[in-house]
Amino acid sequence: MPDKYHIKTQPVPARRPRIGKCGVVDWREDCARCHNCVKKACVFDRYRQEADYIRGLTEMDAFFFQCMGCFSCVQQCTKGLLALSANPVYERLGNRYWTPAIIETTWSQAETAKIPVSGAGYRGKFSGPGFDSMWTDMSEIVRPTRDGIHGREYISTAVDIGRKLSVLNFSKDGQLKMPPLVDIPMPMMIDMLPKEYSLPQLLPVFKAAAAATGIVMIADSKDIGLLGNDLQQYLPNIAFYFSSGAPLLRKDILQKIRLAEISDDDKIDQRIKELKNINPNMVVAVRVKLDAAGVKRAVELAHRPHIEAIHVVADMNGDEIGAKNPRFVKDMVRQIHNPLVSDGIRNEVTIIAGGGIALAEHMAKQLLCGADAVTINLPLLIGLECHLCHVCDVSRCPAKLNELDEKYAVGRMINLIAAWHDQLIEVMGAMGIRDARRLRGEVGRALFFEELEEATFGKIFGSRKNR
Ligand code: SF4
Ligand code: SF4
């Protein structure tokens, strides 16, 4: 039996002072020096940790904001001297989509490689925009797949990128003719960073993290010089992206890569032919922007028999590109997947979806909506303690990414990918699904708020969906 896919991890501590959500303000002036001071009863031991933290403080403005906000000490102080305060730096992290909570949980996963556990159940909103309007159905908790979570049975997270056969096709000498396939151990690839957060110094780190986890990174062919001198050994884990008109790379490089990506233009057929002439075993994906025409274009491309994979990409927040009232990426992927199912060709082509994948659960949800695999980029950057500032300026980078230590950066990215893999196994186990290939389009294991609302209240209050 082949080895189980496993990512080796080890904790990689933060380099910068931690940015938590809350801190306690302690007005000591009127303190009665109680023998049983409530501070000693903090179950998270935050007061002792704060004292240690202050002793080793190197930056004057880095306050201790690691309180869990349980209010126990605040409510029980006999003199009412303690108050909880929100951390303004925490509140400024990210944007409306990449919320401080997402950034904080990503930092924690990159440090520990552990699944985030909030304890005492979920305290957030019942529903929200984007992926939050969708739930996975975990009612089928069946023993064989729970065994998979604990390692006694295997839950496979591997997927294949490439064109699949609709019927068996044999050569004259009886050999089965198979189109090339790229198998990756989890349905995730590393995409190029959006231009607002383009940090070329991260390319060698992405490359090393992709190789260590067995996944694939997409790199712009123009950036090949930034990938380092030891490129050859990493080529199976690199998919070069060729923008319109970009020259092809050297033959010896193209012959070693398994996957390439080309931008969508009127010369894609010729481009695919050129690449296949050099390396017939290479899978070529077409990158399609999810703008107003993106969904239609992806469906149209999927009907062409020589298109092996389509990489549809929304903006970094998962929104339709350039639209005033944008559709969200999960809905656009459903609009691509469903007609292909109706036309009976969905199994033949691979759909990879990118944009807005911020948490491990988004990966599972995007697969349920019809993608075969997803691409991520910003979570790996955030894993390096990035704040996702509105304007990325590395000369003033609060995460000090201009002084990058490669071992630290690769370790943090590996940890994050491992934590996402574990969460994918958790969610698959809880849904009773043992193979990530079966997740694709499995909407029977998903609940959509819009559909439930429509079915429940639409007849009474009128349809909101079609307004
Ligand atoms: S509010 Fe709770 S977690 Fe925070 S310091 Fe007080 S007891 Fe500890
Ligand atoms: S923390 Fe640094 S890398 Fe991240 S967005 Fe800000 S300046 Fe850019």
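Counting restarts for each chain: residues are numbered from 1 in the order of the written sequence. Labels follow written order: the first chain is A, the first ligand is 1, and so on. Where local features are concerned, this predicted model is filtered to residues with pLDDT of at least 70; where side-chain atom pairs are given and counted, the filter is 80 or more; whole-chain, interface and lining totals use all residues. The side-chain figures draw on all heavy atoms in the structure; neither hydrogens nor water molecules are used.

Okay, the domain arrangement of the protein next. Either an automatic procedure or a domain database provided the assignment from which the domain bounds are taken. We note that the domain assignment places domain 1 (22-86) and domain 2 (143-454) within the protein. Centre-to-centre separation of domain 1 and domain 2, based on C-alpha positions: 45 Å.

For the rest of this paragraph, the subject is helix 11 (residues 360-368). Of all nine residues in helix 11, eight are buried; the element is thus mostly enclosed. Along helix 11, the residues that are buried comprise Ala-360, His-362, Met-363, Ala-364, Lys-365, Gln-366, Leu-367 and Leu-368. Downstream of helix 11 by one or two residues, Gly-370 has phi in the positive range, about 130°. When a residue's accessible area, from a 1.4 Å probe over protein chains only, is under 20% of the maximum for its type it is buried; when over 50% it is exposed; and in between it is partly exposed. Only DSSP runs of H or I covering at least 4 residues are called helices, and only runs of E covering at least 2 are called strands; the numbering of each starts at the N terminus.

Attention now goes to the site of ligand 1. Throughout, the term near means that a residue has one or more heavy atoms lying within 4 Å of the molecule or strand in question. What surrounds ligand 1 is the set Val-24, Cys-42, Phe-44, Tyr-47, Cys-67, Met-68, Gly-69, Cys-70, Phe-71, Ser-72, Cys-73 and Leu-84. For this classification, the nonpolar set comprises Ala, Val, Leu, Ile, Met, Phe, Trp, Tyr, Cys and Pro, the charged set comprises Asp, Glu, Lys and Arg, and every other residue, Gly included, is treated as polar. A breakdown of the residues in the shell around ligand 1 according to their chemical character gives ten nonpolar, two polar and no charged.

The next subject is the pairing of strand 8 (residues 238-242). With respect to burial, strand 8 is a largely interior element, five of its five residues being buried. Because side chains alternate across strand 8, one face comprises the buried residues Ile-238, Phe-240 and Phe-242, and the other comprises Ala-239 and Tyr-241, equally buried. Strand pairing is assigned whenever DSSP identifies at least 2 bridges connecting the two strands. Bridge count for strand 8 against strand 9 (residues 259-263) is four bridges, and the pairing is parallel. Each residue of the ladder has a partner; that of Tyr-241, found in strand 9, is Glu-261.

Before going further, it helps to spend a moment on the nonpolar core. Residues grouped as a nonpolar core are buried Ala, Val, Leu, Ile, Met, Phe, Trp, Tyr and Cys residues, joined through side-chain atoms within 4.5 Å. Judged by nonpolar contacts, the single largest core of 130 residues is most densely connected at Phe-240, Ile-310 and Val-312. Looking at which element gives the most residues to this core, the answer is helix 13 (residues 406-431), with 14 residues. Working rule for contacts: check all heavy atoms of both residues, and any pair within 4.5 Å makes them a contact. In contact with Val-312, not counting residues within four places along its chain, are Val-288, Leu-290, Ala-298, Val-333, Ile-336, Ile-351, Ile-352, Ala-353 and Gly-354. In this structure, Val-38, Cys-77, Leu-81 and Leu-82 belong to the second largest nonpolar core, which totals seven residues.

Glancing now at the site of ligand 2. Residues in contact with ligand 2, as listed here, are Tyr-197, Leu-199, Cys-386, His-387, Leu-388, Cys-389, Cys-392, Asp-393, Cys-397, Pro-398 and Leu-401. Residues belonging to the shell around ligand 2 are distributed by class as follows: nine nonpolar, one polar and one charged.

Think of a salt bridge as a Lys or Arg side-chain nitrogen and an Asp or Glu carboxyl oxygen that are within 4 Å of each other. Evaluation of the coordinates by the stated rule reveals 29 salt bridges. Measuring nitrogen to oxygen at the nearest pair gives 2.4 Å for the salt bridge that ties Asp-26 to Lys-39. With Asp-26 in strand 1 (residues 22-26) and Lys-39 in the loop between strand 1 and helix 1 (46-55), this residue pair connects regions lying 13 residues apart in the sequence. Relative accessible area serves as the criterion here: at 22%, Lys-39 is assigned to the partly exposed category. Arg-48 is paired through a salt bridge with Asp-45; the nearest N and O atoms lie 2.8 Å apart. Its relative accessible area of 47% is what places Arg-48 among the partly exposed residues.

We now examine the sheet that holds strand 9. Spatially, eight strands are ordered 6-7-8-9-10-11-12-13 in a closed barrel, and the strand pairing comes out parallel. Neighbour-to-neighbour, the strand axes of the sheet open up by a mean angle of 30°, direction not taken into account. Of the strand pairs in this sheet, strand 10 (residues 283-289) and strand 11 (residues 309-313) are connected by five bridges, and their pairing is parallel. Its bridge partner lying in strand 11, Ala-285 is registered against Ala-309. Most of the contacts of helix 8 (residues 268-278) go to strand 9, to which it runs at about 155°, and overall it touches strand 8, strand 9 and strand 10. Packing of helix 11 onto the sheet brings it into contact with strand 6 (188-190), strand 12 (350-354) and strand 13 (373-376), and relative to strand 13 it is tilted by some 140°. Only the contacting stretch of a helix is used when fitting its axis, a line to C-alpha atoms as for every element, and angles between N-to-C directions run 0 to 180 degrees.

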